[in-house]
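# What the coordinates show
Spelled out from the first residue to the last, the chains are:
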Amino acid sequence: MAVYSVSQINSYISEIMSADDNLKKVMIRGEISNFKLHSSGHCYLTLKDDKAAIKSVIFRRFAQKLRFRPENGLMVIACGSISVYERDGTYQLYIEQLIADGAGALSVRYEQLKNQLEEEGLFSPAHKKNLPVHPKCVGIITSKTGAVLHDIFRVAFRRDPSVKLLLFPVPVQGKASSEQLVAALKYFNQHRNLCDVIIIGRGGGSMEDLWPFNDEGVVRAVYSSAVPVISAVGHETDFTLIDFVSDVRAATPSHAAELCIPSREEWLQRLSFLEKNIMNIMRKNFTVLHERLNKCINSIVFKDSYYLLGSRHQQMDQLFAGLDNSLRRQMEIKKSALAVLEGKASLLDPEAAMKRGYSLIYKDKVIINSVSLLSKNDKLKIILADGQVLTSVEDIVKDMQYNGKEKEKL
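Given the structure is predicted, the values throughout are model-derived calculations rather than measurements.

## Considerations on the pattern of salt bridges
By the definition in use, this model includes eleven salt bridges. Asp-324 is the salt-bridge partner of Arg-328, the closest N and O atoms lying 3.0 Å from each other. With Arg-328 and Asp-324 both in helix α13 (residues 305-347) and four residues apart, the pair spans about one turn of that helix. Exposure remark for Arg-328: the relative accessible area of 55% places this residue in the exposed category. The exposure class assigned to Asp-324 is partly exposed, which follows from its relative accessible area of 35%. Note that Asp-378 and Lys-363 form a salt bridge whose closest N and O atoms lie 3.0 Å from each other. With Asp-378 in the loop between β12 (366-367) and β13 (379-384) and Lys-363 in strand β11 (residues 360-363), this residue pair connects regions lying 15 residues apart in the sequence. Connected through salt bridges with shared partners, the residues Glu-120, Glu-216 and Arg-220 form a single ionic network.

Encoded structure:
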């Protein structure tokens with residue numbers, strides 16, 4: 001008998017399984033356990049039922065296409081192929097597509113996507129825009145057939161026939177619905193001058209029927225809309241993801257029309273009420289002003305203006321007299337201060353010191369204040385009060401102490 005290595009046996013088994021067409025495309029129903037998302041982006045998990053288990057892997061390129069996040073305990077249908085992992089000598093399921101199984105599959109996708117979008121901040125009230133007070137045109141994204149469009153038209157005509165309605169017809173269920181909803185939102189945003197507010201909605205239905213309004217692309221398109229969006233999907237108890245991200249959520253399409261289209265009759269009544277209030281305020285102000293005018297006419301200013309002006313003249317004369325005295329006192333004080341400063345300045349005047357017998361001695365433009373700076377035969381310039389003398393040094397006597405007699409000789 002031939003002797004084979006472990007890798008040769010594993011490779012041989014792998015070739016056998018790879019050649020089996022029944023293992024190339026399989027669909028397996030089971031419960032997820034031991035789920036792990038690796039840093040590489042690959043997902044590792046085990047599919048099990050009450051009797052057995054099979055190891056499985058979802059490579060990153062397939063994991064990125066999953067429409068929900070796998071979780072332990074979730075029932076799924078896995079589509080892929082079975083082959084041998086030669087290194088460990090085990091067979092495993094290579095998953096290419098994962099589908100949530102059972103009646104709660106859509107609910108799982110709904111809750112997971114809702115939590116994801118909420119964590120990203122798409123539902124934050126800070127992002128929501130106010131509806132226009134008086135829209136001239138309302139954009140409508142819904143099916144061109146059905147009761148929704150009829151209800152919106154009926155409410156709009158009743159509240160204000162002058163408001164224009166612009167329909168972008170789309171299928172509101174089915175595979176093509178999500179793409180058409182996104183296209184409609186982009187169209188109204190690219191042509192912002194067409195409408196002031198958008199109503200997007202449809203009538204009631206099952207979760208499958210309403211699913212296009214839970215599509216992530218549609219939700220993000222509503223979030224990115226620069227034009228305010230009102231969601232009006234289903235009945236009052238129905239909630240879709242665009243209800244959380246839209247600027248305003250309406251319970252029904254009719255309610256959406258009432259929210260964004262003001263009632264012309266109500267505005268006329270309000271204007272009439274405001275007009276009456278303004279007239280009442282004007283009458284009260286006129287009465288108050290008329291009374292003030294009468295008081296002014298009967299006041300002493302008009303009856304005896306000379307008396308009033310005379311007292312004001314007297315006050316002005318007193319103020320001017322006080323101002324004149326104050327200015328005179330300030331002038332005297334400033335003159336005295338100036339005389340003191342002039343005396344101090346005269347003491348510092350070098351010409352005055354020279355007139356008293358002092359002089360300045362320069363050697364090469366440098367003032368000499370010590371004999372240590374001089375040498376014999378140095379040329380000196382002596383500045384006196386009335387001129388200057390040019391001379392030279394004949395002798396230098398240092399540390400000479402002058403007594404009284406010597407000072408008298410000098």
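## Regarding the nonpolar core
Residues Ile-141, Leu-185, Ile-198, Ile-200 and Ile-242 are the most contacted members of the largest nonpolar core, which totals 31 residues. A per-element tally of this core places helix α6 (residues 177-190) first, with five residues. Leaving out residues up to four positions away in the same chain, Ile-198 has contacts with Gly-139, Ile-141, Leu-185, Phe-188, Ser-225, Val-227, Pro-228, Val-229 and Ile-230. Listed in part, the 22 residues of the second largest apolar core include Ile-54, Leu-74, Leu-93 and Leu-98.

## Some remarks on helix α8 (residues 216-224)
Within α8, the full set of buried residues consists of Val-218, Val-219, Ala-221 and Val-222. Across the axial projection of α8, the buried residues extend over an arc of 160°, all falling on one side. Backbone nitrogen of Gly-217 and a side-chain oxygen of the N-cap are separated by 2.9 Å at the start of α8; the cap is Asp-215.

## Here we look at the packing of α6 against α8
Two elements in contact, α6 and α8, have axes separated by 9 Å at closest approach and are oriented at 10°. The pairing of α6 with α8 is recorded here as roughly parallel in orientation. Together, Ser-178, Leu-181, Val-182 and Leu-185 of α6 and Gly-217, Val-218, Ala-221 and Val-222 of α8 make up the contact between the two elements.

## Some words on the sheet that holds β13
Within the open sheet, the four strands sit side by side as β12-β11-β13-β14. Their pairing is antiparallel. The sheet terminates laterally at β12 and β14 (387-392), the two strands that pair on one side only. Here six bridges tie β13 to β14, and the two strands are oriented antiparallel to one another. The partner of Ile-383 across the bridge, within β14, is Gln-388.

## Let's talk about α6
Taking 1.5 Å as the rise per residue, α6 with 14 residues should run 20 Å; its terminal C-alpha atoms sit 20 Å apart, in good agreement. For α6, every residue scored as buried is listed here: Ser-177, Ser-178, Leu-181, Val-182, Ala-184, Leu-185, Phe-188 and Asn-189. Burial along α6 is one-sided: seen end-on, the buried residues are contained in an arc of 160°. Turned more than 90 degrees away from the buried face of α6 sit Glu-179 and Gln-190, all of them exposed. In this fold, the buried residues of α6 make contact with β6 (137-142), β7 (164-169), β8 (197-202), α8 and β9 (229-233).

So, how was this worked out
Residue positions within a chain follow its written sequence, with the count starting from 1. Owing to the predicted nature of the model, reporting of local features is limited to residues with pLDDT of at least 70; listing and counting of side-chain atom pairs is limited to 80 or more, with chain, interface and lining totals taken over all residues. Hydrogens and waters are ignored; side-chain quantities use all the structure's heavy atoms. We define a salt bridge as a side-chain nitrogen of Lys or Arg found within 4 Å of a carboxyl oxygen belonging to Asp or Glu. Numbering of helices and strands runs from the N terminus; a helix is a DSSP stretch of H or I covering at least four residues, while a strand is a stretch of E covering at least two. Whether a residue is buried, partly exposed or exposed follows from its accessible area with a 1.4 Å probe, protein chains only, as a fraction of its type maximum: under 20%, in between, or over 50%, in that order. Residues grouped as a nonpolar core are buried Ala, Val, Leu, Ile, Met, Phe, Trp, Tyr and Cys residues, joined through side-chain atoms within 4.5 Å. What makes two residues a contact is simply this: any of their non-hydrogen atoms within 4.5 Å. Directions drawn from the helix axis to the C-beta atoms are what define this arc. Two N or O atoms count as a polar contact when they lie within 3.5 Å, although within protein this holds only if one can serve as hydrogen donor and the other as acceptor, and sequence-adjacent residues are included solely when both atoms are side-chain atoms. For helices, the fitted axis covers only the stretch in contact; all axes are lines through C-alpha atoms, and the angles between them, taken along N-to-C directions, range from 0 to 180 degrees. Any angle from 65 to 115 degrees is called roughly perpendicular, while one under 35 is roughly parallel, one over 145 is roughly antiparallel, and all others are oblique. We treat two strands as partners when DSSP finds at least two bridges between them. Under the convention used throughout, the expected extent of a helix is 1.5 Å for every residue step, that is, one less than its residue count.

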